[in-house]
Amino acid sequence: MLKTLTARCSSHVAFGAHARRYVPVGEPASPLLRRIIGQNKRGLYIIRRFCSDSTDGSDPDDATVRVKSGGDGDEAAESKSSSAIVPTLVRPEDCLTVVALPLSHRPLFPGFYMPVYVKDPKLLAALTESRKRQAPYAGAFLVKDDEGTEGSDSEKSIYDLKGKDLFNRLHEVGTLAQITSIQGDQVVLIGHRRLRISEMVSEDPLTVKVDHLKEIPYDKDDDILKATSFEVISTLRDVLKTSPLWRDHAQTYIQHVGDFTYPRVADFGAAISGANKQQCQQVLEELDVHKRLKLTLELVKKEMEISKIQESIAKAIEEKISGEQRRYLLNEQLKAIKKELGLETDDKTALSGKFRERLDPKKEKIPAHVLQVIEEELTKLQLLEASSSEFNVTRNYLDWLTALPWGEYSDENFDVLRAQEILDEDHYGLTDVKERILEFIAVGKLRGISQGKIVCLSGPPGVGKTSIGRSIARALNRKFYRFSVGGLSDVAEIKGHRRTYIGAMPGKMVQCLKSVGTANPLVLIDEIDKLGRGHAGDPASAMLELLDPEQNANFLDHYLDVPIDLSKVLFVCTANVIENIPNPLLDRMEVISIAGYITDEKMHIARDYLEKATRDTCGIKPEQVEVTDSALLALIENYCREAGVRNLQKQIEKIYRKIALQLVRQGRNLEPANVGPQVQLEEDKVDSGSSSNESVVGAEASENAQEAEIVDSAANQDDTLEAEKDETSEAAKKVEKVLVDSSNLVDFVGKPVFHADRIYEHTPVGVVMGLAWTAMGGSTLYIETSHVEQGEGKGSLNLTGQLGDVMKESAQIAHTVARAILLEKDPENQFFANTKIHLHVPAGATPKDGPSAGCTMITSMLSLAMNKPVKKDLAMTGEVTLTRKILPIGGVKEKTIAARRSEVKTIVFPSANRRDFDELAANVKEGLDVHFVDDYSQIYALAFDESQ
């Protein structure tokens, strides 16, 4: 009987009902129960009342109950200092005027405690005085939010509120709170019942009259009410499983769920939820129990979702943090298990086994001295501790030594015809380069083995030096490796670092061998004329051992420190200007000069290579675009005069990009299978001469479209084939190509960049056309001479045109030689002695220098002195000595091409350049009258021919 009574008592204690109940002293109390009840010195428990609403019919006037314990029966006075003793003089229902205590964060619910910090000294004094007068009650009211304030600003504004301002900011509905303790400015409150403010009594501290509120009567047996309550309880159970924040409070309620009352369930759910204060205040103000339960259910459901998200976040972070530790522990356990079973040995033995597996297939091919070093390092590895730094150095060293392709060579292609096909397929022209590669293959076929060589391809940018190296590798069936040394200033990039350095690495050559996996690759060393020189040594000197055929059979890398055989490696170097390559390095190379491409070669390259590749890149079909030969010729002559074809490729890409944009803008269907009505893109109609070509293209497009449509309609081809043929044929007739001609080329690539080099149709007196070499190829260069003033003894020479030192010296020599020749031809003529001469080379913004303008300057001065123009369509080049000898020049091919471009018929070259001219292609020499001279008298006779 006592146990039953005790159980019922515990539940009523939890809800604070007013009833006399006996509670054994020895029964453990939950944390919330310890707050609700207190123990006096005699072991008697005083049950604190929570509210005056009696749920079991007990007398509401009893404020306290004394319970006799099973102890010694001592009836000493209760301790006045215990905060658990509730005075009997003032009952909660008697509190009709209370001090208003503002709450800033959350409302106080009946049955829950809340610590509050009171900053107002008068309010704190009033609460202390009220507690001393044995009326420890106050009204706790939530403060409404003020617009424009939030967080700490809102709290400060609450502390500043006084009197009527504070009264206007308080919510009407609050809670009657019992003051349990006051420590400093902290006041601990326990909620009892709901209150509603009726009017203000005093301002400082704010005191208000209140009305006590009760729930609207409800039917306890209502099924909807029960279901809502049980759903709230069920959700709370789930929340409490994941959230330990309010678990101590909830244990007392959960243990006695059968004795829950519906209002208390709603208050409990809202109190422990993480809802904002407005939602909690809404639950506090709701007196309809059913509505209050529904509001609480919504809040606890949200709390459940938040708990799930919190749990997933915590789980993810925990997995992330513990993943590495867990993996480490598992690896250690796995090692221990495998070691116990004899399945695997320690790390050092495993590493040694891995290295020996690499060595076994090629052990016979590895040189003896290298094999000895590897064995010594493997023995050293077993003696080192795995945690030492030397262990890692030795392991990396063995990794490089065992990974190199010792004695492993790729099968070379010695088929000359196949190599010729591959080279012709990738490049047009370049006969010198192709012949040299075919010679290399032929020698290798006769000897049965191939030896490495050093070939240096020199020429201006864009002529295809790098791509030639890739084509050579494909023709020889060798692995290809490229590294650029432009701007390289560290010798360690070539020779490697010492192993004693942290982060030491072998040189590029060792990395190349490991990367390609063979000992006879083709290595392309790009931009070798741009090697730098810094504080870390001279890379150009370090390249000598790498490229010298007499030394690289025993190339020594600083990192490996064992000789490596590079004699089978074919080195191909590229350079723009071979004069920048140091002579010792240049001496070890076989230079093949690529002067550039003439117009005919550029036409073939553009038509057969560049246009096709660009069309595929832009996704345009061949039948949609036609670029005429005249357009390509105009593109080459007026936009792309450089020696290479890189700029030509850019211009062709520009044309096709604009065409692609036009196709997309006009909505043309780009699928060849769906040939339909097309939009004519060109404004000008193609002339009648191209009509036959268009009909052929239309027929081809029609056939392609028919084939595609037949495949698409294979299921019913017998019924629809004829109709599709008719429609396709009609549509194909409407297909119009985008025509790019010389007339509309400006619309695609803009205005011409270059204009005709020829300024004069007939060169006047004192003007002679010279031939010059530039990085862009060859060009014609006029030299003009004019007299400024005449007077006895005023003979002098003035030079302009941004000339270099070499050309200035050539002009001085030319002035001396011309003066001597004039004295021989016409002793009476004192032109040079009495005339101030001004020599100018046009295009003054372009720097000019070089030793091949001497004869042109002499001819220009003699033309002015004798007042005779030179022969029509004459261009010359060559340096003259003081004894009138003509010295050889360079760039014969480029200068010949420049003369043809300017429609020059007669060219004067030094006799020493006859061999260079004879090696030119026939199409370059066609139609030219070339004179080879070794003395200026021959030029004089040719330029000032009396018969003209």
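To keep things clear, this report deals only with the structure shown in the data block.

1. Description of the overall build of the protein chain
Here is step 1 of the chain: Secondary structure summary: the protein chain contains 33 helices and 26 strands in total.
Here is step 2 of the chain: For the protein chain, restricting intrachain contacts to residue pairs at least 6 apart in sequence, the fraction spanning at least 24 positions comes to 75%.
Here is step 3 of the chain: Summed over all atoms, the accessible surface of the protein chain reaches about 48200 Å², with 50% contributed by carbon and sulfur.

2. Points about the packing of helix α8 (residues 262–272) against helix α10 (residues 289–341)
Here is step 1 of the chain: Interaxial distance between α8 and α10 falls to 8 Å at its minimum, and their mutual angle equals 30 degrees. By the angle between their directions, the pair α8 and α10 is classed as roughly parallel. Between α8 and α10 lies a crossing whose hand is left-handed. Two secondary-structure elements touch here, α8 through Y262, P263, V265, A266, D267, G269, A270 and I272 and α10 through V289, R292, L293, T296, L299, V300 and E303.
Here is step 2 of the chain: Taken together, the residues of the contact of α8 with α10 break down into ten nonpolar, two polar and three charged.

3. Re the environment of S467
Here is step 1 of the chain: By the element assignment, S467 lies in helix α16 (residues 465–476).
Here is step 2 of the chain: S467 sits 57 residues away from L524 along the chain, and the two C-alpha atoms are 9.9 Å apart.
Here is step 3 of the chain: Within polar-contact distance, the side chain of S467 engages the backbone oxygen of G464 at 3.1 Å.

4. Things to note about the packing of helix α14 (residues 416–426) against α16
Here is step 1 of the chain: Packing of α14 against α16 leaves a shortest axis separation of 9 Å and a crossing angle of 155 degrees. In terms of orientation, α14 lies roughly antiparallel with respect to α16. The two elements α14 and α16 meet at a crossing, and its hand is right-handed. Between α14, through R418, A419, I422, L423, E425 and D426, and α16, the contact on the second element is made entirely by S471, I472, R474 and A475.
Here is step 2 of the chain: In terms of residue class, the contact of α14 with α16 is made up of five nonpolar, one polar and four charged.

5. With respect to the pairing of strand β4 (residues 113–117)
When a strand is regular, its side chains alternate between the sheet's two faces.
Here is step 1 of the chain: Alternating positions in β4 separate cleanly, M114 and V116 being buried on one face and Y113, P115 and Y117 remaining unburied on the opposite face.
Here is step 2 of the chain: The sheet contact formed by β4 and strand β7 (residues 186–202) spans five bridges and is antiparallel. Paired with Y113 across the two strands is I190, which belongs to β7.

6. So, a negative patch on the surface
Here is step 1 of the chain: A contiguous patch of negative charge on the surface is contributed by D219, D221, D222 and D223.
Here is step 2 of the chain: Tracing the backbone through its elements, the reader meets D221 in the loop between β8 (207–212) and α6 (223–242).

7. A few points about the sheet that holds strand β10 (residues 480–484)
Across a sheet, strands are paired by hydrogen bonds formed along the backbone, either parallel or antiparallel in direction.
Here is step 1 of the chain: Pairing is parallel in the open sheet, where five strands are placed in the order β10-β11-β14-β9-β15. In the strand order of this sheet, the two ends are held by β10 and β15 (590–593), each with one partner. Between one strand and the next, the sheet's axes are offset by a mean angle of 20 degrees, whatever the strand orientation.
Here is step 2 of the chain: Strands β10, β11 (522–526) and β14 (570–575) of the sheet are contacted by helix α18 (residues 508–516), whose axis makes an angle of about 150 degrees with β10.

8. Quick look at the packing of aromatic side chains
Here is step 1 of the chain: Evaluation of the coordinates by the stated rule reveals seven aromatic pairs.
Here is step 2 of the chain: Where F831 meets F832, the ring centres are 5.5 Å apart and the plane angle is 85 degrees; that geometry is what we call edge-to-face. Both residues of the pair, F831 and F832, belong to the buried class.
Here is step 3 of the chain: Clustering of aromatic rings is evident, with ring pairs tying together F909, F917 and F932.
Here is step 4 of the chain: In this structure, R499 packs its charged tip against the face of Y397, placed 3.8 Å from the ring centre.

9. Remarks on helix α23 (residues 646–665)
Here is step 1 of the chain: Taking 1.5 Å per residue as the helical rise, α23 with its 20 residues ought to reach 28 Å, and the 29 Å between its terminal C-alpha atoms agrees with that figure.
Here is step 2 of the chain: L648, Q651, I652, I655, Y656, I659 and L663 are the residues of α23 that are buried. Buried positions in α23, seen along its axis, are confined to an arc of 130 degrees and lie on one side of it. Away from its buried face, by an angle of more than 90 degrees, α23 presents the exposed residues V664 and R665.
Here is step 3 of the chain: Tucked into the core, α23 has its buried residues touching α21 (599–618), β16 (625–627), α22 (629–638), β17 (738–740) and α26 (745–749).
Here is step 4 of the chain: Once α23 finishes, G667 follows within two positions and takes phi at roughly 75 degrees, a positive value.

10. Points about the pattern of salt bridges
Here is step 1 of the chain: Tallied over the full model, the rule gives 21 salt bridges.
Here is step 2 of the chain: Between R607 and E611 there is a salt bridge, with the nearest N and O atoms lying 2.9 Å from each other. Here E611 and R607 lie together in helix α21, a separation of four residues that amounts to about one turn.
Here is step 3 of the chain: Owing to a relative accessible area of 5%, E611 belongs among the buried residues under this scheme.
Here is step 4 of the chain: Three or more residues joined by partner-sharing salt bridges are found here, namely R607, E611, R615 and D629.

11. Examining unusual backbone geometry
Here is step 1 of the chain: Non-glycine residue N477 carries a positive phi angle of around 60 degrees.
Here is step 2 of the chain: Residue position: N477 is located in the loop between α16 and β10.
Here is step 3 of the chain: Non-glycine residue R884 carries a positive phi angle of around 70 degrees.

12. Notes on the pairing of β8
Here is step 1 of the chain: Examined bridge by bridge, strand β3 (residues 97–103) and β8 share three bridges and lie antiparallel to one another. Paired with T97 across the two strands is K209, which belongs to β8.
Here is step 2 of the chain: Of the strand pairs in this sheet, β7 and β8 are connected by six bridges, and their pairing is antiparallel. Among the inter-strand pairings, E199 is bridged to a residue of β8, identified as K209.
Here is step 3 of the chain: Here β7 hands over to β8 after four residues, the two strands then running antiparallel side by side.

13. A look at the nonpolar core
Here is step 1 of the chain: Core analysis: the largest hydrophobic core is formed by 53 residues, its most contacted members being M509, I525, I528, L546, L547 and L560.
Here is step 2 of the chain: Beyond its immediate stretch of four places on either side in the chain, I528 contacts V485, M543, L547, C573, T574, A575, I581, L585 and M589.
Here is step 3 of the chain: Of all hydrophobic cores here, the second largest spans 51 residues; its members include A473, A606, V627 and L632.

14. Some remarks on the side chain of D935
Here is step 1 of the chain: Following the sequence through the fold, D935 ends up in the loop between β26 (929–933) and α33 (936–943).
Here is step 2 of the chain: For the buried D935, no salt bridge is present, and the opposite-charge side chain at shortest range is K885, 4.3 Å distant.
Here is step 3 of the chain: Only 2.8 Å separates the side chain of D935 from the side chain of S937, close enough to count as a polar contact.
Here is step 4 of the chain: Excluding anything up to four places from it in sequence, D935 contacts T883, R884, K885 and I886.

15. Description of the environment of T816
Here is step 1 of the chain: Here T816 lies in helix α27 (residues 805–825).
Here is step 2 of the chain: Taking the C-alpha atoms as reference, T816 lies 8.9 Å from I858; in sequence the two are 42 residues apart.

16. Observations regarding a nonpolar patch on the surface
Here is step 1 of the chain: Taken together, the side chains of I309, I313, I317 and I321 define a hydrophobic patch exposed on the protein surface, amounting to about 410 Å² of accessible area.
Here is step 2 of the chain: Residue placement: I317 occurs in helix α10.

17. Some thoughts on the environment of M769
Here is step 1 of the chain: Turning to its location among the elements, M769 is positioned in strand β18 (residues 767–774).
Here is step 2 of the chain: Considered as a pair, M769 and V904 are 135 residues apart in the sequence and their alpha carbons are 9.5 Å apart.

Rules and cut-offs
Residues numbered from 1 in each chain as written. Predicted model: local features only at pLDDT ≥ 70, side-chain atom pairs only at ≥ 80, totals over all residues. Heavy atoms only, no water. Helix = DSSP H or I, 4+ residues; strand = E, 2+ residues; numbered from the N terminus. Contact = heavy atoms within 4.5 Å. Areas by Shrake-Rupley, 256 points an atom, 1.4 Å probe, with all protein chains shown as cover. Axes fitted to C-alpha atoms, helices over the stretch in contact; angles between N-to-C directions. Parallel < 35°, antiparallel > 145°, perpendicular 65-115°, else oblique. Left-handed = near helix turned anticlockwise from the far one by under 90°. Nonpolar A, V, L, I, M, F, W, Y, C, P; charged D, E, K, R; others polar. Polar contact = N/O pair within 3.5 Å; in protein donor to acceptor, adjacent residues only side chain to side chain. Buried < 20%, exposed > 50% of the residue type's maximum accessible area, 1.4 Å probe, protein only. Pairing = 2+ DSSP bridges. Patch = residues over 30% accessible without salt bridge, like charges linked within 9 Å, V, L, I, M, F, W, Y side chains within 5 Å. Salt bridge = Lys/Arg side-chain N within 4 Å of Asp/Glu carboxyl O. Lys, Arg positive; Asp, Glu negative; His and termini not counted. Charge placed at Lys NZ, Arg CZ, Asp CG, Glu CD. Phe/Tyr/Trp six-rings, centres within 6.5 Å; stacked < 30°, edge-to-face > 60°. Lys NZ or Arg CZ within 6 Å of the ring centre and 35° of its normal. Expected span 1.5 Å × (residues − 1). Arc of directions from axis to C-beta. Core = buried A, V, L, I, M, F, W, Y, C linked by side-chain atoms within 4.5 Å.

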